[in-house]
Amino acid sequence: MATDPALAAFLALDDDAVAAYADARAEALGLVLPPETRDGVIENLALLRRQTVTFTAALDDSLAPAPEAFEP
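Definitions and limits used
- Residues numbered from 1 in each chain as written.
- Predicted model: local features only at pLDDT ≥ 70, side-chain atom pairs only at ≥ 80, totals over all residues.
- Heavy atoms only, no water.
- Helix = DSSP H or I, 4+ residues; strand = E, 2+ residues; numbered from the N terminus.
- Contact = heavy atoms within 4.5 Å.
- Areas by Shrake-Rupley, 256 points an atom, 1.4 Å probe, with all protein chains shown as cover.
- Salt bridge = Lys/Arg side-chain N within 4 Å of Asp/Glu carboxyl O.
- Buried < 20%, exposed > 50% of the residue type's maximum accessible area, 1.4 Å probe, protein only.

*Asks:* Please give an account of the overall build of the chain that cites residues and values.
*Replies:* Tallying secondary structure elements over the chain gives three helices and zero strands in all. Starting at the N terminus and ending at the C terminus, the chain contains elements arranged as α-α-α. Sequence-distant contacts in the chain: of pairs separated by 6 or more residues, those separated by 24 or more amount to 59%. A total accessible area of about 5,500 Å² is found for the chain, and carbon and sulfur atoms account for 60% of it.

Here it is, written out as C-alpha cells:
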C-alpha cells in the first residue's frame, strides 16, 4: 500500500523511538504532553504503529479494486 512520507517515517520507527517521535510531534504542534498521560500516549502510539504496519503489509495494491486511501 502506498503511504505518504510522514506515515512511512512513522511506520519505520521502532518501539524505542516512539517516545522521541511523540515528544517532537507534540512540540511541532505546540502541544504539551502532561507527565501523567505521556506514558499512555506513547504506549498507544506504539500500538497504533504496530497495528498499521500489520494492516498495510496485508494489503496488496495489485488487487482490483485497489483499496482507497483514508483521507480524514
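The structure having been displayed, the exposition proceeds.
*Asks:* Hey, could you go over the pattern of salt bridges for me, with residue numbers and the actual values?
*Replies:* One pass over the full model with this rule turns up three salt bridges. A salt bridge links Asp 15 to Arg 49; its shortest N-O distance comes to 2.7 Å. On the criterion of sequence distance, the pair formed by Asp 15 in the loop between helix H1 (5-11) and helix H2 (18-28) and Arg 49 in helix H3 (residues 35-58) is long-range, its members being 34 residues apart. As a salt-bridge pair, Arg 38 and Asp 23 come within 2.6 Å of each other at their nearest N and O atoms. Highlighted residues: Arg 38 in helix H3 and Asp 23 in helix H2, separated in sequence by 15 residues. Looking at Arg 38, the relative accessible area reads 26%, which means it is partly exposed.

*Asks:* Please provide a residue-by-residue account of the side chain of Thr 52, values included.
*Replies:* With respect to the helices and strands, the residue Thr 52 is situated in helix H3. A residue is classified by how much of its surface remains accessible, and Thr 52, at 18% relative accessible area, is buried. Here Thr 52 is in contact with Leu 7 and Leu 11, once residues within four sequence places are set aside.

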